[in-house]
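Geometric and topological summary
Here's the letter readout for the chains.
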Amino acid sequence: MNRTTLSLIAGTTALAAVTGFAALSAPDASGTDTAAKAAAQLPVERTSLLCPAPSTSDLAETSYTSFTPVTKGTGSGGKAELREAAEESADAPADGKGKGKGKDDGKSGEDKPGKPVLTSKEPGKPVTGDSSGGEAPALVGTADGRFAPGWTVQETTEVAAGTGRGLQGVNCTAPDTDFWFPGASTDADRTDYVHLTNPDDSAAVVDLELYGKDGALKSAVGEGITVPPHSSEPVLLSTLTGERQTNLTVHVNVRSGRVGAAVQALDDKLGGDWLAASTDPSGSLVLPGIPADATSVRLVAFTPGDADADLKVRLASPSGPITPAGHETVHVKGGMTSAVDLGDVTRGEAGSLVLTPTDRSVPVVAALRVVRGKGDKQETAFIPATRPLGTRATSAGNSGKGSTLSLTAPGAAATVKVTASAGSEGGTPVSKTYTIKAGTTQDIEPPAPGGLKGTYALTVETVSGGPVYGARTLTASEGGVPAFTVQTLPDDRGTVAVPEADEDLSVLQR
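Read on for an overview of the structure. Worth saying up front: this structure is predicted, and the values here are computed from it rather than measured.

Its location among the elements puts Asp492 in the loop between β37 (481-488) and β38 (495-498). In this structure, Asp492 is in contact with Pro69, Gly150, Arg392, Ala393 and Thr394, ignoring residues within four places of it in sequence.

Right, here's the structure in full:
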């Protein structure tokens, strides 16, 4: 074998361990794969997470929880740290298209991340922090070594009054280049921002595309938005278009660099919450964790292509799949946002919405707007379509009361193990195993650590059976308002498959 081939294989394996990309393998002339053995699962070595600025309200109280589950095969070094993002440049225009201060080389804004806010001490034990008022900045975080696999950060904000009052929660997200947000709005009662956070040393350039009930909305100011290095830009959606749209899909497309993205949806009457990105466009989608006492559920769906999508609508209830009366299917026109009001679809039982194609599979993104309460005591949260929890998923920021874990197995039955970590200020981890019947959703009051002090994390692992989807709901009482927030539980991607090369790698020679 020549030296170039050896370097390629070694480099590809290293890249996979750090970034999560799979290493390459080459088939032989007969069409069978003899160049690689079964892939080994290795822990990732570095992870980035980005937390949006929590609120502009002087009444906001925000808590952060950082947690890394214990992962076999990691070394003893590394750290997980969140730092303040740089503030928006003083000369940046209000339309979000500011270029910031700096040189012409694209390195506008601050040259370095801000001061540390939260540093983890050890895997398996949460660490917490908090802030008050409307001046809390966005956070930029990195974890490496033993702190990287499965690193999770929860941001939770309580707002006592005003637009968006209630409980707002979001999982801090990894940077990427493409995000879909069905469920946003520019309605008169809504104030929606898309928060863009850049973790890197060079500026990122982003296009924001808006799609309403009749298709794409023209918006020249949504093109070429510059996000300076190590900084965050909130963009008010109503400044991008003059059209009022009750149901809107936002596409964040990054031209250069990468960003973290989340939509903050604030309502004058119905409270507010964070809208996380939907999973990648797919023909079938699962939206888990609709609370049993939901008084109103709205499905918002969008297909990015020109083809229309026809979807079966099913509710995975505790007793099995149910077809909502009058909403057996939903038709989604290509390039247009569709919305369906499902009412109190759960009828007092926990549930998850399952969307499947009626015939031809067309990629779709979707999210639910969920309302609890009645009259002037209503509160809103959002549930985007999500990936299955896979090997392992983690939820941070749980307290002794007010946490509910919702798990659904839309296909085959499955068994999962739920582990409550040690508390941030003390407590002993505990695990419990649950079986989720096929086609059902099970709401679980999660196990709490023995002698709990502070907050704790939940780690959910698939033991056997089919794919499981999950969400965690936090609840609180705010002046009689049933405040709540829901975060889905996709696979934490803490490990990556790295193929092992056979001894005979001559097929790679050139």
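Bringing the sheet that holds β37 into the picture now. With respect to topology, four strands assemble into an open sheet ordered β33-β29-β36-β37, the strand pairing being antiparallel. The sheet terminates laterally at β33 (440-444) and β37, the two strands that pair on one side only. Direction aside, the axes of adjacent strands within the sheet are offset by 20 degrees on average. Where strand β29 (residues 403-409) meets strand β36 (residues 469-478), six bridges bridge the pair, whose relative direction is antiparallel. Directly across from Leu405, in β36, lies its bridge partner Arg472.

This paragraph deals with the layout of surface pockets. A volume near 600 Å³ is recorded for the second largest pocket. Lining of the second largest pocket is provided by 25 residues; of these, Ala53, Thr56, Gly134, Ala136 and Pro137 occupy positions nearest its centre. Mapped onto the lining of the second largest pocket, the elements with two or more residues apiece are β11 (190-198), β15 (231-236) and β17 (260-267). Residue contributions to the lining of the second largest pocket peak at three residues, all from β15. Its residues assigned to classes, the lining of the second largest pocket comprises 11 nonpolar, nine polar and five charged.

The next subject is the side chain of Thr62. Residue position: Thr62 is located in strand β3 (residues 60-67). Residue Thr62 is classed as buried on the basis of its relative accessible area of 3%. Reaching out from Thr62, the side chain makes a polar contact with the side chain of Thr157 at a distance of 2.9 Å.

At Arg347, a position not held by glycine, the phi torsion is positive, near 50 degrees. Topologically, Arg347 is positioned in the loop between β24 (337-343) and β25 (351-357). Taking relative accessible area as the criterion, Arg347 reaches 67% and is therefore assigned exposed. You will see that Arg493, though not glycine, has its phi angle at about 50 degrees, which is positive.

Reading guide: rules and limits
Residues numbered from 1 in each chain as written. Predicted model: local features only at pLDDT ≥ 70, side-chain atom pairs only at ≥ 80, totals over all residues. Heavy atoms only, no water. Helix = DSSP H or I, 4+ residues; strand = E, 2+ residues; numbered from the N terminus. Contact = heavy atoms within 4.5 Å. Pairing = 2+ DSSP bridges. Axes fitted to C-alpha atoms, helices over the stretch in contact; angles between N-to-C directions. 1 Å grid on protein atoms, 1.4 Å probe; cavity = no way out; pocket = protein on both sides within 12 Å on 5 of 7 lines; lining within 4 Å. Points joined across faces, edges and corners; volume = space filled by probe spheres on them. Nonpolar A, V, L, I, M, F, W, Y, C, P; charged D, E, K, R; others polar. Buried < 20%, exposed > 50% of the residue type's maximum accessible area, 1.4 Å probe, protein only. Polar contact = N/O pair within 3.5 Å; in protein donor to acceptor, adjacent residues only side chain to side chain.

So, to be careful, I would describe these as geometric facts and stop short of saying anything about function.
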